[in-house]
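Okay, here's what each chain looks like letter by letter:
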Amino acid sequence: MSDEKKYVLVTGATGQLGSDIVDELNRRGIPNIGVGSADLDITDNEAVSKFFDSHKFSYVIHCAAYTKVDLAEDEKDLNYEINVKGTSNLVSECQKYNIPLVFFSTDYVFGGNGDKPFKEDDETNPLCEYAKAKYLAELEVKKLDKYFIIRISWVFGKIGNNFIKTMIKLSETKTELNIVSDQIGSPTYTFDMAKAIVDMINTDKYGIYHLTNEGFVSWADFAREIFKKINKSIKVNDVTTEEYNARAKRPKNSRLDKTKYLNAGFKKMPTWQDALDRYLKEINVI
Ligand SMILES: NC(=O)c1ccc[n+]([C@@H]2O[C@H](COP(=O)([O-])OP(=O)(O)OC[C@H]3O[C@@H](n4cnc5c(N)ncnc54)[C@H](OP(=O)(O)O)[C@@H]3O)[C@@H](O)[C@H]2O)c1
């Protein structure tokens, strides 16, 4: 499908990833509408249906989600409503208009055993409510003929909150921090992800893919690299997942295998270190 013929709906456009996807579509001159929850509540079936009827979209990039991983343990219904029902509402419209949808899922659909990077068809075992809902949403998306399910991890972008911004804020008042060192994964810069996604929607290589910036790191080492780059001497103490005791269970092994994406001929993303450097410049920290 050529760019000229596209008219893309981007949900979650007020969030980290959605805002960068809208920017990338605009840079490439691809017509789009980006919406936040105030513009279109994806849990409102009727509103979603009316929205699709009044716009003749040819593509949906669905970035909207309930992303509060710990709070989801308590807000189970809201988590389910937004992540599963909201996705299902969009899927119904994509079926009605026979258009493709891109959905973003998560490394958290895996249980995190071992240290081998997970492949797309490895067994899933979501450990927390957020991950369970994202997995159920994947099943909704798979009802479509044309979809991309992109499993991503440890996202950072210019809008909203993320681990890097939290570390920068903490570095203003703390000299020592306890950070989890036995969860290993790949930080993912939304600017790089947006480019990759807009490349992907110009193909018909539909399916499920793992995609992140290159390289693996623990949260503790990620924090050390952030402090090094922003020139702050904060002592980082390694703590285990059990010691940290977060509300929601997270996988220790969050490594995602990107071989399928690369074998499909898509472009490798830059390393997470390179991405971090560019991100800190983008948010004017270095
Ligand atoms: N963040 C991560 O580390 C991470 C990791 C793996 C996968 N993912 C996935 O990647 C995607 C993008 O995540 P992100 O970090 O960019 O998310 P984010 O910054 O938390 O943004 C969430 C977006 O969802 C929208 N939204 C929430 N409830 C909605 C509703 N009822 N109707 C319509 N829109 C609604 C929000 O709109 P308003 O702000 O206008 O309410 C916001 O634009 C999500 O699918 C997420 O599950 C994220």
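Cut-offs and rules
- Residues numbered from 1 in each chain as written.
- Predicted model: local features only at pLDDT ≥ 70, side-chain atom pairs only at ≥ 80, totals over all residues.
- Heavy atoms only, no water.
- Core = buried A, V, L, I, M, F, W, Y, C linked by side-chain atoms within 4.5 Å.
- Buried < 20%, exposed > 50% of the residue type's maximum accessible area, 1.4 Å probe, protein only.
- Helix = DSSP H or I, 4+ residues; strand = E, 2+ residues; numbered from the N terminus.
- Contact = heavy atoms within 4.5 Å.
- 1 Å grid on protein atoms, 1.4 Å probe; cavity = no way out; pocket = protein on both sides within 12 Å on 5 of 7 lines; lining within 4 Å.
- Points joined across faces, edges and corners; volume = space filled by probe spheres on them.
- Patch = residues over 30% accessible without salt bridge, like charges linked within 9 Å, V, L, I, M, F, W, Y side chains within 5 Å.
- Areas by Shrake-Rupley, 256 points an atom, 1.4 Å probe, with all protein chains shown as cover.
- Salt bridge = Lys/Arg side-chain N within 4 Å of Asp/Glu carboxyl O.
- Lys, Arg positive; Asp, Glu negative; His and termini not counted.
- Charge placed at Lys NZ, Arg CZ, Asp CG, Glu CD.

Asks: I'd like a description of the nonpolar core, backed by residues and values.
Replies: Note on soluble globular proteins: their nonpolar side chains tend to be buried together. Judged by nonpolar contacts, the single largest core of 29 residues is most densely connected at I21, I61, F104, I150 and I197. Mapped onto this core, the elements with two or more residues apiece are β1 (8–11), α1 (16–27), β3 (59–62), β4 (101–106), β5 (147–152) and α6 (190–200). Counting residues per element, this core draws most heavily on α6, which supplies six residues. With residues near it in sequence (within four places) discarded, I150 still touches V102, F103, F104, S105, M193, I197, M200, Y209 and L211. Counting residues in hydrophobic clusters, the runner-up holds 25 residues, among them L177, W219, F222 and L280.

Asks: Would you mind going over the layout of surface pockets in detail, with residue names and values included?
Replies: As a volume, the second largest pocket reaches approximately 170 Å³. Every residue along the wall of the second largest pocket is listed here: D192, K195, A196, D199, Y261, K267, K268, M269 and P270. Per-element accounting of the lining of the second largest pocket gives the leading share, four residues, to α6.

Asks: Give a detailed account of a negative patch on the surface, specifying residues and quantitative values.
Replies: Taken together, the side chains of D41, D44, E46, D77 and E81 define an acidic patch exposed on the protein surface. The residue D44 is located in the loop between β2 (32–35) and α2 (45–54) in this model.

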